[in-house]
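Okay, here's what each chain looks like letter by letter:
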Amino acid sequence: MTTHRLASRSTLAPVTERRQIAPGLVVLRFLHPHIASTVEPGQFVNVLPKVGFTAPLLRRPFSVYWIEGEECEIIIQDHGLGTSILANTQVGEHLDVLGPLGSPWRYKSDDFDTAVLVVGGVGVAAMPLLTKHFLKNEVPFSTYYGARNDTLFADEYLAKVRYATDDGSKGYHGTNISLLRDELEKGSHPRIKLFACGPTKMMQAAIALADEFNVPCEVSLETEMACGVGICQGCPVETSVTENVTSGKKFYLVCTQGPSFLKEQIVI
Amino acid sequence: MTTHRLASRSTLAPVTERRQIAPGLVVLRFLHPHIASTVEPGQFVNVLPKVGFTAPLLRRPFSVYWIEGEECEIIIQDHGLGTSILANTQVGEHLDVLGPLGSPWRYKSDDFDTAVLVVGGVGVAAMPLLTKHFLKNEVPFSTYYGARNDTLFADEYLAKVRYATDDGSKGYHGTNISLLRDELEKGSHPRIKLFACGPTKMMQAAIALADEFNVPCEVSLETEMACGVGICQGCPVETSVTENVTSGKKFYLVCTQGPSFLKEQIVI
Amino acid sequence: MQPSNGTGEVNLKVNLGNVEFKNPILVASGTFGYGSEAAKFTDISNLGGIVTKSVSWKPRPGNYPRRIVETPSGMLNSIGLANVGVHVFVDEKLPYLAEFDTKIIANIAASSQEEYCNVLEHIESHATPNLAGYEINVSCPNVKDGGLSFGTNVDMVHELTSALRPLTKRLLIVKLTPNVTSVAPFAQACEAAGADAISLINTVVGMSVDVFTHKPRLATVTGGLSGPAIRPIAVAQCYNARKNSKIPIIGIGGITSAMDAMEFFIVGASLVQLGTINFVDPDAGTKVINDLQELMKQKGVHSVDQLTNTLVIEERMKALGW
Amino acid sequence: MQPSNGTGEVNLKVNLGNVEFKNPILVASGTFGYGSEAAKFTDISNLGGIVTKSVSWKPRPGNYPRRIVETPSGMLNSIGLANVGVHVFVDEKLPYLAEFDTKIIANIAASSQEEYCNVLEHIESHATPNLAGYEINVSCPNVKDGGLSFGTNVDMVHELTSALRPLTKRLLIVKLTPNVTSVAPFAQACEAAGADAISLINTVVGMSVDVFTHKPRLATVTGGLSGPAIRPIAVAQCYNARKNSKIPIIGIGGITSAMDAMEFFIVGASLVQLGTINFVDPDAGTKVINDLQELMKQKGVHSVDQLTNTLVIEERMKALGW
Ligand SMILES: Cc1cc2nc3c(=O)[nH]c(=O)nc-3n(C[C@H](O)[C@H](O)[C@H](O)COP(=O)(O)OP(=O)(O)OC[C@H]3O[C@@H](n4cnc5c(N)ncnc54)[C@H](O)[C@@H]3O)c2cc1C
Ligand SMILES: Cc1cc2nc3c(=O)[nH]c(=O)nc-3n(C[C@H](O)[C@H](O)[C@H](O)COP(=O)(O)OP(=O)(O)OC[C@H]3O[C@@H](n4cnc5c(N)ncnc54)[C@H](O)[C@@H]3O)c2cc1C
Ligand SMILES: Cc1cc2nc3c(=O)[nH]c(=O)nc-3n(C[C@H](O)[C@H](O)[C@H](O)COP(=O)(O)O)c2cc1C
Ligand SMILES: Cc1cc2nc3c(=O)[nH]c(=O)nc-3n(C[C@H](O)[C@H](O)[C@H](O)COP(=O)(O)O)c2cc1C
Ligand code: FES
Ligand code: FES
């Protein structure tokens, strides 16, 4: 078993830590020098549920949640067969990992001075590396994190968090979008940009809010993927623009051209 | 997870011990009161390679190797995908086990005074319970155990063993069948019967020897099985007799009418 | 645990022709023997019905081994319709099955129209009270004569069905093969000839080779593919039959759970049969029945009729002609 | 590691028509894009050849999502022939691929005979040195026009092949569908019309339903089933084509390993294509090539020709007519 071969080929990565951070949320840490040294905020990896089995057949995509030294972490929410197998991977077992994949957040663009991270559910996985970058580069930012109740937050690597819960059990009573709206309505908001990752409804609300306040907004999408590397055309998102030749006229590929898009690019 | 439901339904049995007894031979011990209390020598169990997976799909048959209290043991030889998965089952994991299945050795029949166990390869798994019965009931017997070399024997539960190796590294230099022939040729053999389990060639040689010395011989067969319980008709062995109505005229079903047959019954 | 049949909020009863099945979960021909072996491992009275192993006029020994090959999420078989023949069937098997509270459907395979008729008439004249009807197997890929040569010829299917129809007032079900360009004309032919239902699908022709000996793994070279691997094919064929005919459908192919069964109901099946999964777990039927009841409760669905043929196609896709 | 091609004891070279492939492992249309994306994850010069994504005259956006559903040991897709159109194909894709030491086969999909001819002629007039030929896709189940309506009609396949044959001296390969009663007449028609080879199989029509919404999981309702689940079907179809025609076969369907590839060679394929496995591992081709070489060494086989069409059928089964 090779633990590492060529940079860009799939790698059998030994799992070095497994921890449960919330009900149904497991973090796996694995050794993967290539990903750890090259990944950018917003990229993802594609992981085989079980090496040597044809069912489940395809890899499953996960955001790179954290890196430390030569190790990477992903956060797995129990969703179906593939994720439940993966969530049960034990320390010492190996993950077959392909990555880093996809395009990073447009986090170095100059269309903002202050970043607003809009987070919901397992979408949190896309935020820690972004948070780290903003902290390190002293970019002003704040994080609006919404969940059904206070047991569901996975905020270990976040900073400057404003919480919102549907049941009021922690922070604001309501959605993180309403909380953010309240803040924005309060007054002057110096060149902000929203970076949003969460359930589709939250993404749609984030886009609507950004439209209303006329600020840039980038959302990270999830679609079913067969390959994760741009060769199957299985992961389209409808687009309003027509410059995208690769996939014909009407779609972007989420795996390579995303997973994050500016709100103007897509129809969700 | 029910560890035990109805006697005759499949059961999730916790693995309580795993030991490697020879290269490529692993013994799994699991808690299964029903099998432990009802199994007879020569019967088998049908075990799912991996619970919840559709590939591998079908159960794999294994002789019941040993019982102790409420626990059973099977011995697994790494042969293909299913057995390699099973051989890696760890203590604390569960096996989905259906059994006991099949018909026992005709070990209580009165067609012999002395039993001769002819053993090869993983066929050894069918012998310990038979050995135990003969020891307990003071039936005279001896065991002719053949292997390629001395690293391959799994004789922990056998008794009165005469070893034969192809390379002469342990016991007789040659096959166990030649060794037995030598013995038989030496002279008087009081109403013996052969009980043989091993590779097809060894079975054929055992039958030829029994024919030559005109003694009864029962052989335990392996065929591919889809169900192990008599409902798929997938496990036929050609028969020379015609009384077998269930499967038409020309075949016995190894899973229910076997796995062991008298040499007169079958064509192999 | 015994599933409650038709009591409480969820009613699992399904009517097909003049027969009431207490639930829509049957076991498929050739995957449950004649019930007696499976009875050791499950309470067969829980089942909506049992379709017995194909029976022919004379006993058939079946094919030489090897008869079974596992494949990814499936298996190939080439049993060759091994069966006891119709005389033993009516003398021993039907009476045995008459003791159970479940419907029996006698599956018939033959190599000529005459033989099909003779077998059906012989069973009809020895019918037991719980004999609900007949399933006509025109789709076995593993015999030299009959089998697929009937099932892939729409005129022969029509003629055979028409010939059998007058011979019984019980259910007449024709079991179709997926090994055709389109199952639609076959469904229409069965409907026109007066069959009560079609069952879909029998196994898909498949093959596997031993790369060391260069021999086919099955003695008969090709065999029939079954199991979860073929479920998407089976669902598509049931959908196609439903779109193109009104004849009731019994869905078969790779069903392992209540969720799987539900897919078949939604595309148009009134009942389903479990096949290969019985080999993995002879008690699968009871589990699926219980789970189906639970699932229907969760969905707030009160009867199987409310599930059958409820596929929803997006408007924008309809507009595009899908 | 780079596989040694044709040196040492084992020679992986295969000739098809007037083209020499350095090894018999190709990647299948639609499962490798136009090479550039996959090139980040594997050395595409290792491959015997690359069959490019189906190209049509105009660009096609492809179908609305959802386009992908995993199934037991397989997947359904409904991409809908999303492609850049023949002009971008010859301007950008062919020149890019010309840089690699591998053969390129341009797969063409169209909705009329005229469009097929136009696309082929346009590519022909912009051919690059490593363009080995064309694969004619008459078997896509996921488009409204063309696709399966061609592929299930033996006369149309014959006519189309005859029309295309005079337009090129390069390889003309027809990619057939498994969704027919028998592939034999199609193989014969392609042979008669002068095709250099057939490729077998394209995807099998399948469907999956979301039991909570009652919607088809794929927007287009049905889609194409691929992956290990369909391998036994593909092997059987290649065997059937081999028995009934002499036209060279390119085997496709569920191949994941050298052992799988070997099954196709033994039943009669000269080359094979890897499809779905590329999604699991874009580097699969190289691994299969290396393993094939090893396996051939072990077997003492020196060339792929010595494997092709070497199925051994037991005498007693032959005697029974199998
Ligand atoms: C770019 C990206 C990043 C993601 N990051 C994370 C993460 O960090 N943590 C996390 O827990 N999940 C993440 N997801 C979602 C995760 O990939 C799915 O939950 C997972 O694939 C479901 O697999 P399953 O076998 O458990 O579910 P099943 O429903 O059994 O899967 C069946 C099929 O559908 C696909 N599928 C089902 N739901 C989704 C979904 N929401 N997105 C994509 N494919 C899906 C699966 O890949 C598989 O092919 C991400 C998805 C994408 C596209
Ligand atoms: C009655 C009986 C008792 C057995 N007892 C033992 C035992 O105690 N210990 C042990 O190690 N093995 C035993 N075997 C053999 C064991 O069942 C097979 O080695 C095992 O099924 C192979 O599975 P696989 O997935 O590893 O191999 P694969 O070759 O990948 O299996 C593919 C398919 O072929 C079948 N198959 C392959 N080889 C055999 C075989 N020799 N016999 C039956 N089916 C086969 C498998 O069940 C499976 O369906 C017994 C077999 C039978 C019939
Ligand atoms: C071992 C085996 C034997 C079968 N024998 C018969 C048979 O005798 N008659 C018949 O109509 N179908 C027979 N079938 C087909 C099944 O009834 C069923 O149509 C098919 O297996 C698909 O369902 P499944 O995927 O759930 O197994 C057999 C299938 C298998 C696997
Ligand atoms: C996502 C996807 C897209 C495909 N697109 C095409 C295509 O554009 N043209 C074509 O001829 N075949 C296409 N195919 C069919 C494959 O080339 C191949 O014939 C089929 O997938 C069977 O092989 P496999 O089981 O190895 O995948 C596609 C298959 C898949 C899975
Ligand atoms: S997942 Fe294959 S192209 Fe995006
Ligand atoms: S294995 Fe099914 S009848 Fe014997």
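Residues numbered from 1 in each chain as written. Chains lettered and ligands numbered in written order. Predicted model: local features only at pLDDT ≥ 70, side-chain atom pairs only at ≥ 80, totals over all residues. Heavy atoms only, no water.

Participant: Talk me through the interface of chain C and chain D; I want residue IDs and the actual numbers.
Facilitator: On the chain D side, the residues contacting the 58 residues of chain C number 58 residues. When chain C packs against chain D, the two sides together hide about 4,900 Å² of surface, and 70% of this comes from carbon and sulfur. When the area that chain C buries against chain D is broken down by residue, the three leading residues are Met207, His214 and Trp322 of chain C, summing to 15%. The interface formed by chain C and chain D holds 0 salt bridges in total. Across the chain C-chain D interface, the total number found is 14 residue pairs in polar contact (both at pLDDT 80 or more). No other element matches helix H6 (residues 231-244) of chain C, which puts 6 residues into the side of chain C that touches chain D. Counted by class, the side of chain C that touches chain D contains 34 nonpolar, 15 polar and 9 charged residues. (Contact = heavy atoms within 4.5 Å. Buried area = accessible area lost by both parts, 1.4 Å probe. Salt bridge = Lys/Arg side-chain N within 4 Å of Asp/Glu carboxyl O. Polar contact = N/O pair within 3.5 Å; in protein donor to acceptor, adjacent residues only side chain to side chain. Helix = DSSP H or I, 4+ residues; strand = E, 2+ residues; numbered from the N terminus. Nonpolar A, V, L, I, M, F, W, Y, C, P; charged D, E, K, R; others polar.)

Participant: How would you summarise the pattern of salt bridges if you had to cite specific residues and measurements?
Facilitator: All names here are of chain A. As enumerated under the stated definition, the model contains 59 salt bridges over all chains in all. Taking the shortest distance from any N to any O, the salt bridge between arginine 162 and glutamate 183 comes out at 3.4 Å. In this pair, arginine 162 is assigned in strand E10 (residues 161-165) and glutamate 183 in helix H4 (residues 176-186), connecting sequence segments 21 residues apart. On the basis of relative accessibility, which here comes to 22%, the residue glutamate 183 falls in the partly exposed class. Several salt bridges share partner residues, and in doing so they unite Glu17, Arg19, Arg29, Glu68, Glu71, Glu73 and Glu156 into one network. (Buried < 20%, exposed > 50% of the residue type's maximum accessible area, 1.4 Å probe, protein only.)

Participant: I'd like a description of unusual backbone geometry, backed by residues and values.
Facilitator: Geometrically, the link from alanine 55 of chain A to proline 56 of chain A is a cis peptide bond, its omega value of -5 degrees lying close to zero. For proline 56 of chain A, the position within the fold is in the loop between strand E3 (44-47) and strand E4 (60-63). Omega for the bond connecting glycine 258 of chain B with proline 259 of chain B falls within 30 degrees of zero, at 15 degrees, which places this linkage in the cis form. On the secondary structure map, proline 259 of chain B appears in the loop between strand E15 (251-253) and strand E16 (260-262).

Participant: Lay out the packing of helix H4 (residues 176-186) of chain B against helix H5 (residues 200-213) of chain B in plain terms, naming residues and giving numbers.
Facilitator: All names here are of chain B. Contact geometry for H4 and H5: axes closest at 10 Å, N-to-C directions at 10 degrees. Regarding the angle of H4 to H5, the classification is roughly parallel. In this structure, the crossing between H4 and H5 has a hand that is right-handed. For the pair H4 and H5, contact is made by Asn176, Ile177, Leu180, Arg181, Leu184 and Glu185 and by Met202, Ala205, Ala206, Leu209, Glu212 and Phe213, respectively. (Axes fitted to C-alpha atoms, helices over the stretch in contact; angles between N-to-C directions. Parallel < 35°, antiparallel > 145°, perpendicular 65-115°, else oblique. Left-handed = near helix turned anticlockwise from the far one by under 90°.)

Participant: Account for the packing of aromatic side chains, naming residues and giving values.
Facilitator: A full pass over the atoms with the stated rule returns 31 aromatic pairs over all chains. Connected via pairs of aromatic rings, a cluster forms that spans Trp105, Phe112, Phe134, Phe141 and Phe195 of chain A. Note that lysine 132 of chain B overlies the ring of tryptophan 66 of chain B, its terminal NZ or CZ placed 5.2 Å from the centroid. One cation-aromatic arrangement involves lysine 170 of chain B over tyrosine 163 of chain B; the distance from NZ or CZ to the ring centre is 4.1 Å. (Phe/Tyr/Trp six-rings, centres within 6.5 Å; stacked < 30°, edge-to-face > 60°. Lys NZ or Arg CZ within 6 Å of the ring centre and 35° of its normal.)

Participant: Outline the domain arrangement of chain A, supporting the account with residue identities and numerical values.
Facilitator: Residue and element names in this part refer to chain A. Domains assigned within chain A are domain 1 (4-101), domain 2 (105-217) and domain 3 (223-268). Once you take the C-alpha centre of each, domain 1 and domain 2 turn out to be 25 Å apart. Taken together, the 19 residues of domain 1 in the interface contact 17 residues of domain 2. Summing both sides of the interface, domain 1 and domain 2 together bury roughly 1,600 Å²; the carbon and sulfur share of this comes to 64%. Its largest share of buried area at the contact with domain 2, domain 1 owes to Pro41, Tyr65 and Trp66, together 42% of the area lost on that side. Between the two partners, domain 1 and domain 2, sit 1 salt bridge. Glutamate 156 is the salt-bridge partner of arginine 19, the closest N and O atoms lying 2.9 Å from each other. At the boundary of domain 1 and domain 2, one finds 6 residue pairs in polar contact (both at pLDDT 80 or more). Secondary structure elements with two or more residues in the side of domain 1 that touches domain 2: strand E1 (11-22), strand E2 (25-31), strand E5 (66-68) and strand E6 (71-77). (Domains from an automatic or database assignment.)

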